[in-house]
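Here's the letter readout for the chains.
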Amino acid sequence: MRPGQRLGDIMRSGQETVAIVGIGRVGLPLALFLADRGCVVHGVDRDAEYVQTLLETRRMPFGEEGAQPVLEAVLGKRFLPGSDLSVIARCEVVVVTIGTPIDEHMNPVLGPVEQIFRDMAPHLRAGHTILLRSTVSPGTTGYLARVLEQSGAPLPGRGIHLAFCPERIAQGHSLEELAEIPQIVGGVDTASTTAAAAFFARFGMAILETDAMSAELAKLFCNMYRYIDFAMANEFMMLATEHGRNIYEIVRLINDGYKRGGVKQPGLTGGPCLYKDGFFLIERTPYPELISNAWKINESVPAWLVARLEEERAVEGRSVGLFGLAFKRNSDDTRNSLSFKFLKILRRKGASVVAHDPFVQPDTLEEALESEILVFATNHDAYADWGLEGLRQRARSGALVCDPWNLFGTERIVFTLGDQAGPARDSDG
Ligand SMILES: NC(=O)c1ccc[n+]([C@@H]2O[C@H](COP(=O)([O-])OP(=O)(O)OC[C@H]3O[C@@H](n4cnc5c(N)ncnc54)[C@H](O)[C@@H]3O)[C@@H](O)[C@H]2O)c1
């Protein structure tokens, strides 16, 4: 930005320069989206090796639909990755998308976000708009405004703007969904909300304006609503099984033609966001009951499934093929995937487990298929596409299969390969 030039002038001239701090699963697709629409985007990531690999290979470091050709087109031209934070001084808009995990005590790790604001402060001046996109606890954006103040940056309301603008895309579909999903924009003051809204509106997004705390809560509630939905489906699976009934049929009975239906299918529910985001709602101790119970239910699914398997056959001393390591369908992201909990429980029970995943560990397919027990932990299309007949052809006859996703249409959570039985009732595993 030239001295004296305002954000509004830049936006009218169509040349804005944006910094994305943290170019991981959220930051990199956003950088590509913005560069593809004409912005000059500086990607700042502290992982210099990751940046170097990106620059040298010109390959997406993870699966993201449609991203590779955009990366090839903009890298080194309108998308400039690096590790030097001082580049933000030359940008009008700074988007912070660094990771916000929880620690071993299930407490949010927000220190690095605070530190990055302290580190950014010397490079900030009037005219800067800072957009926090990392998921944070309620009140964090307001707190970060005070951190900036302590660090000597110009204050929000006196030249710089600060807003929380959550990311709500489905990972892997960012480039498509960024343009479609309404962007929630919550400034620490009205001027910040207006500046952030003006930035996103330029890319054709629908904007929902609010305050910072409401935006933070909306993001967390959005994820927890889905998490509880999945937990309910998993509890229904457990209850239906206790009653010797077929959960897949019951979900159909509820949803088919019924306008107040919408019950989800059961399955393993983990991942870097849903797993942890409930723990960001830490205003009260103990944690909110419904959310912590949803966590307990979802996290108990692997152990519950192993118990169902063991009703049919002890796993001790058996070979098990575990299919799917990613936390969700058609993804290569293994963060907080329940597959690993599944794997651990099986190994602790004395099984020898070979894991396969088409996106993570593709070379073990034959070996995994030779196992006595086959566990489908992730609902990748690559598995569903086999169909039951394809599974029969690939696996050994008489293998015990655990298929909570009903990938093979048997409507049995556990079944023996070779059984000709149709959808289960009383005998359902
Ligand atoms: N992954 C998702 O689908 C998703 C969706 C919505 C929100 N979020 C939230 O977005 C945030 C980022 O998630 P992610 O999945 O992209 O994480 P990620 O780990 O894939 O990416 C974070 C990146 O930030 C970099 N980084 C960390 N500290 C840094 C620092 N001090 N300076 C510069 N770079 C730094 C890391 O090297 C990494 O490349 C989290 O708060 C997450 O909860 C994620």
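Residues numbered from 1 in each chain as written. Predicted model: local features only at pLDDT ≥ 70, side-chain atom pairs only at ≥ 80, totals over all residues. Heavy atoms only, no water.

### Let's talk about the packing of helix H9 (residues 212-242) against helix H12 (residues 289-312)
Viewed as axis vectors pointing N to C, H9 and H12 meet at an angle of 40 degrees, and their least axial separation amounts to 9 Å. Relative to H12, the element H9 lies oblique. Considering only the axes of H9 and H12, their crossing is left-handed. Along the contact surface, H9 presents Met 224, Tyr 227, Ile 228, Phe 230, Ala 231, Asn 234, Glu 235, Met 237, Met 238 and Thr 241, while H12 presents Leu 290, Ile 291, Ala 294, Trp 295, Ile 297, Asn 298, Glu 299, Ser 300, Val 301, Trp 304 and Arg 308. Within the contact of H9 with H12, the residues separate by chemical class into 14 nonpolar, 4 polar and 3 charged. (Axes fitted to C-alpha atoms, helices over the stretch in contact; angles between N-to-C directions. Helix = DSSP H or I, 4+ residues; strand = E, 2+ residues; numbered from the N terminus. Parallel < 35°, antiparallel > 145°, perpendicular 65-115°, else oblique. Left-handed = near helix turned anticlockwise from the far one by under 90°. Contact = heavy atoms within 4.5 Å. Nonpolar A, V, L, I, M, F, W, Y, C, P; charged D, E, K, R; others polar.)

### Some words on the packing of helix H5 (residues 111-120) against helix H6 (residues 140-150)
Between H5 and H6, the least distance of the axes is 9 Å, while the angle of their chain directions is 35 degrees. Crossing of H5 over H6 shows right-handed handedness. Together, Val 113, Glu 114, Phe 117 and Arg 118 of H5 and Tyr 143, Leu 144, Val 147, Leu 148 and Gln 150 of H6 make up the contact between the two elements. Each residue belonging to the contact of H5 with H6 can be placed in one class, and the counts come to 6 nonpolar, 1 polar and 2 charged.

### Some words on empty space enclosed by the protein
Under the defined criterion, the tally for this structure stands at 2 cavities of 30 Å³ or more. The calculated volume of the largest cavity comes to roughly 70 Å³. Arg 133, Pro 166, Glu 167, Arg 168, Ile 169, Glu 177, Leu 178, Ile 181, Pro 182, Gln 183, Ile 184 and Met 205 together form the lining of the largest cavity. Of all the secondary structure elements, the ones that give two or more residues to the lining of the largest cavity are helix H7 (174-180) and strand S7 (183-187). Residues belonging to the lining of the largest cavity are distributed by class as follows: 7 nonpolar, 1 polar and 4 charged. Considering only enclosed or pocket space, the second largest cavity measures out at about 30 Å³ in volume. Met 224, Tyr 227, Leu 274, Tyr 275, Gly 278, Phe 279, Ile 291 and Trp 295 together form the lining of the second largest cavity. Within the residue set of the lining of the second largest cavity, elements represented by two or more residues are H9, helix H11 (274-277) and H12. (1 Å grid on protein atoms, 1.4 Å probe; cavity = no way out; pocket = protein on both sides within 12 Å on 5 of 7 lines; lining within 4 Å. Points joined across faces, edges and corners; volume = space filled by probe spheres on them.)

### Examining the domain arrangement of the chain
On domain assignment, one finds that the chain holds domain 1 (7-214) and domain 2 (228-416). Centre-to-centre, using C-alpha coordinates, domain 1 lies 34 Å away from domain 2. Taken together, the contacts link 17 residues of domain 1 with 16 residues of domain 2. Among the ionic pairs, Arg 25 bridges to Asp 333, the shortest N-O distance being 3.6 Å. In this structure, the connection of domain 1 to domain 2 is made through 6 residue pairs in polar contact (both at pLDDT 80 or more). For the side of domain 1 that touches domain 2, the residue count by class is 9 nonpolar, 7 polar and 1 charged. (Domains from an automatic or database assignment. Salt bridge = Lys/Arg side-chain N within 4 Å of Asp/Glu carboxyl O. Polar contact = N/O pair within 3.5 Å; in protein donor to acceptor, adjacent residues only side chain to side chain.)

### Focus: the pairing of strand S2 (residues 40-44)
With 4 of 5 residues buried, S2 is to be regarded as a mostly interior element. Chirality of the crossover, the property in question, places the unit of strand S1 (residues 17-21), helix H2 (residues 27-36) and S2 among those that are right-handed. As defined by bridge partners, S2 adjoins strand S3 (residues 79-82) across 4 bridges and the pair is classed as parallel. Note on S3: the bridge partner recorded for His 42 is Leu 80. (Buried < 20%, exposed > 50% of the residue type's maximum accessible area, 1.4 Å probe, protein only. Right-handed = clockwise from strand over helix to strand, strands pointing away. Pairing = 2+ DSSP bridges.)

### Thoughts on the side chain of Thr 17
Counting through the fold element by element, Thr 17 comes out in strand S1. Those residues in contact with Thr 17 that sit more than four places away from it in its chain are Val 40, His 42, Arg 90, Cys 91, Glu 92 and Val 93.

### Some words on the site of the ligand
Taken together, 22 residues lie around the ligand, and Val 26, Asp 45, Thr 100, Gln 171 and Lys 276 are the ones closest in. One of the side-chain N or O atoms of Asp 45 is found 2.6 Å from an oxygen atom in the ligand. The side chain of Thr 100 places a nitrogen or oxygen atom 2.4 Å from an oxygen atom of the ligand. Notes on the ligand: free accessible area 820 Å², of which the protein chains cover 86%. Of the residues belonging to the shell around the ligand, the class tally is 6 nonpolar, 8 polar and 8 charged. Looking at the shell around the ligand, you find at least three residues from each of domain 1 (7-214) and domain 2 (228-416). (Near = heavy atom within 4 Å. Areas by Shrake-Rupley, 256 points an atom, 1.4 Å probe, with all protein chains shown as cover.)

### Some words on the packing of aromatic side chains
Throughout the structure, instances matching the rule amount to 12 aromatic pairs. Note on Phe 323 and Phe 376: the rings are 4.7 Å apart at their centroids and 15 degrees apart in plane angle, and the pair reads as stacked. Of this pair, Phe 323 sits in strand S9 (residues 319-323) while Phe 376 sits in strand S11 (residues 373-376); the two residues are 53 residues apart in sequence, bridging distant segments of the chain. In this structure Phe 376 comes out as buried when scored by relative accessible area, which is 0%. Their ring planes at 75 degrees and their centres at 5.4 Å tell us that Phe 376 and Tyr 383 sit as a pair that is edge-to-face. In this structure, Phe 376 and Tyr 383 share a single accessibility class: buried. Taken together through their ring pairs, the aromatic side chains of Phe 323, Phe 376, Tyr 383, Trp 386 and Phe 408 make up a single cluster. One residue, Arg 37, lies across the ring of Phe 33, its end atom 3.7 Å from the ring centre. Sitting over the ring of Trp 304, Arg 308 keeps its end group 4.7 Å from the ring centre. (Phe/Tyr/Trp six-rings, centres within 6.5 Å; stacked < 30°, edge-to-face > 60°. Lys NZ or Arg CZ within 6 Å of the ring centre and 35° of its normal.)

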